[in-house]
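# Architecture at a glance
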Amino acid sequence: MSNGHVNGIHNGVDKMHINGHLSSSRNGNAQSKAQRKQSSPMMPAFMVSAPGKVIVFGEHSVVYGKTAIAAAISLRSYLLVTTLSKSKRTVTLRFPDIDLNHTWDIDSLPWDVFSAPGKKKYYYDLVTGLDPDLIAAIQPHLACVSPEKPEAERKVHQKAAVSFLYMFLSLGNQSFPGCLYALRSTIPIGAGLGSSASIAVCLSAALLLQLRTLSGPHPDQPPDEARLQVERINRWAYVGEMAIHGDMASGVDNTISTQGKAVVFRRPDYSKPPKVRPLWDFPELPLLLVDTKQPKSTAHEVKKVRMLKQRHPELVGSILEAMDRVTESAAAVLDEEEFDNDNAECLGRIGELMTINHGLLVSLGVSHPRLERVRELVDHEGIGWTKLTGAGGGGCSITLLRPDVARDKLEKLEDDLEEENYQKFETTLGCDGVGVLWPAVLKNGLEEDDELGGMEINLDKFLKADGNEGVEKLVGVHGGGGEREGWKFWRVESH
Ligand SMILES: Nc1ncnc2c1ncn2[C@@H]1O[C@H](COP(=O)(O)OP(=O)(O)O)[C@@H](O)[C@H]1O
Ligand SMILES: C[C@@](O)(CCOP(=O)(O)O)CC(=O)O
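Residues numbered from 1 in each chain as written. Chains lettered and ligands numbered in written order. Predicted model: local features only at pLDDT ≥ 70, side-chain atom pairs only at ≥ 80, totals over all residues. Heavy atoms only, no water.

As a reminder of what qualifies: UniProt positions are given in the numbering used here, feature names are shortened, and annotations may be inferred rather than shown by experiment.
Labelled according to an unreviewed UniProt entry, the protein appears under the name Mevalonate kinase, originating from Zalerion maritima. Word for word, the UniProt comment on the protein under Sequence similarities (unreviewed entry) is "Belongs to the GHMP kinase family. Mevalonate kinase subfamily."

Okay, structure coming up:
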């Protein structure tokens, strides 16, 4: 780890004090004056951001240790973290996309349960399952979240809240400063594009930054060090994902959201970290991303497959095995040096594998008539190859477009989709992973290290920003390539 200030944050030995190793503020004088951490100035407001993803191959089979290929997309979540003055002992989530605004009194949270011997976890721990006692301790603090809302909305709120509270209570301690976490996302919610994972990644990165346990990102950081930071963020984001989806979550969503670009992912042993192979040269595939606008539940679809597997272990086992072969074949094709994303034959090979993958997903029962309708429209016109992406049961599909497809055919498809209430998304694959804007100030063309100027991202404006465009403009995303001024990313590539 590098020393000194990184990104304006101290790192190094003092993190141990903050993350609970030495701190014992609740029993007063146990800590000697000499050991006590010097009071530090209030942190500036800062932002973190993490992308959504598409699973190109291997959803569901990945839950059973098979291979998946996933790529980060340009749709992202943005989290603005504001530290409150010392006297304010509250923590607030303001997530206007889902109309959630909830405040907990920090001192009323179940710190004793989370810091009990055998329960306490540290920022460097690998947590591979949720602790039922800790989940139980959180329940009373969820019960008060949006009690007046209809059941469906309440569930969405509680998922976000449980993910946050589990991470906050595991990583933090009672002397954590009062904070406000404001979140906006350009990723459609619950559409199979990894909205929950991107939020878990933002929250994990924010908490680890607040605890001063991360170094960087900074431009001259060695890739090994950057990888360690990204690994830590990912581990805790996985905990947040499990809190939403249960222990069956494979971790592919949070991994691609943290790391960015594209990855070949496998988790054969859930007690160990996954095996992740980055695909640095992931080709710019001509993809059409379509949201069916049919709500789905990942947990429900994953459970359906589990039950099917219990009823037909051998049959489902062989389907999962076939899915693994499809993904491995696709990885091999994408890895070929001569793979050319403008070449019809190359695309056809990937397209064929997508069609097979989709067929296998259908046989597991995770498609939906609205997904099949997209496939029908695309197949009828011979436009490309379509598969569902994510958990299925609704959500999104991806279509790999033939390079020679006539413009008018494509326009007709787009019109048909619009008429039938589908939403098309323009997005790029292989985008950056988790990023940090520290402090939350846009330089407006000034030099990076110019201390004098810049425009602070205003909380109120952020909360009220109009749609995806408004959010992106406010956080400094501009230009067709999604350039972001001032944002920094952990650079893990070593080539
Ligand atoms: N923009 C958002 N603001 C707040 N919470 C969100 C947002 N997007 C997603 N979430 C949380 O993530 C959950 C969706 O997770 P999930 O069903 O896995 O969908 P996805 O497939 O998009 O990841 C929601 O119920 C909500 O708790
Ligand atoms: C179905 C699954 O493979 C992917 C789920 O993706 P999403 O939540 O629909 O974005 C589940 C998992 O990998 O944990």
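Past the structure itself, the notes keep going.
### Let's talk about the pairing of strand E8 (residues 262-266)
Defined as follows: The buried label goes to any residue with under 20% of its type's maximum accessible area, the exposed label to any with over 50%, and the partly exposed label to all in between, with areas taken from a 1.4 Å probe on protein chains only. By the criteria applied, helices consist of DSSP H or I runs no shorter than four residues and strands consist of E runs no shorter than two, each listed in order from the N terminus. Pairing between strands is defined by DSSP: at least two bridges between the two strands are required.
Of all 5 residues making up E8, 4 are buried, and the element is well covered by its neighbours. Two elements, strand E4 (residues 68-83) and E8, share 4 bridges in a ladder whose sense is antiparallel. Bridge pairing links Ile69 to Val264 in E8. Relative to strand E9 (residues 275-278), E8 runs antiparallel, the two being bridged by 4 bridges. Within E9, the residue paired with Val263 across the bridge is Pro278.

### Structural notes on the UniProt feature "domain: GHMP kinase C-terminal" (unreviewed entry) in the protein
Annotation from UniProt places "domain: GHMP kinase C-terminal" (unreviewed entry) at residues 345-413. Taken end to end, residues 345-413 is 57% helix and 17% strand, and its two terminal C-alpha atoms sit 23 Å from one another.

### Topic: the nonpolar core
What counts is decided by this rule: To qualify as a nonpolar core, a set must consist of buried Ala, Val, Leu, Ile, Met, Phe, Trp, Tyr and Cys residues joined through side-chain atoms within 4.5 Å. Throughout, a contact is declared for two residues whenever any of their heavy atoms are within 4.5 Å.
Residues Val48, Leu79, Val91, Trp104, Phe164, Phe168 and Tyr181 are the most contacted members of the largest nonpolar core, which totals 64 residues. Here Val91 is in contact with His102, Thr103, Trp104, Ile106, Leu109, Phe164, Phe168, Cys179 and Tyr181, once residues within four sequence places are set aside. In terms of nonpolar packing, the next biggest core, distinct from the first, is built from 46 residues, Ile73, Cys346, Val366 and Cys396 among them.

### Some remarks on the site of ligand 1
The following threshold applies: The criterion for a residue being near a molecule or strand is simple. One of its heavy atoms has to lie within 4 Å of it. We call two N or O atoms a polar contact when they sit within 3.5 Å, provided that within protein one can donate a hydrogen and the other can accept it, with sequence-adjacent residues counted only if both atoms are side-chain atoms. Using a 1.4 Å probe, accessible areas were evaluated by the Shrake-Rupley method; residue-level cover was limited to the displayed protein chains.
Taken together, 20 residues lie around ligand 1, and Asp97, Val156, Ser195, His245 and Lys296 are the ones closest in. Contact distances for ligand 1 include 3.2 Å between an oxygen atom and a backbone N or O atom of Ala160. Within the side chain of His245, an N or O atom sits 2.8 Å from an oxygen atom of ligand 1. Across the complex, the protein chains shield 97% of the 570 Å² of accessible surface that ligand 1 would expose by itself. Counting only elements with at least two residues in the shell around ligand 1, the list comes to helix H4 (151-171), strand E7 (179-185) and helix H5 (195-210).

### Quick look at the domain arrangement of the protein
Threshold: Domain extents, as shown, originate in an automatic or database domain assignment. Once two parts are brought into contact, the accessible area they lose, counted with a 1.4 Å probe and summed over both, makes up the buried area. Salt bridge, as used here, is a side-chain nitrogen of Lys or Arg placed within 4 Å of a carboxyl oxygen of Asp or Glu.
Taken domain by domain, the protein holds domain 1 (5-276 + 433-489) and domain 2 (283-425). Opposite the 24 residues of domain 1 that make contact, domain 2 presents 36 residues. Taken over both partners, the interface formed by domain 1 and domain 2 buries close to 2400 Å², and the fraction arising from carbon and sulfur atoms is 69%. Among the residues domain 1 hides against domain 2, the three largest losses belong to Phe57, His60 and Tyr64. Together they make up 28% of the total. The tally of links between domain 1 and domain 2 comes to 2 salt bridges. Between Lys387 and Glu59 there is a salt bridge, with the nearest N and O atoms lying 2.8 Å from each other. Where domain 1 touches domain 2, the interface holds 12 residue pairs in polar contact (both at pLDDT 80 or more).

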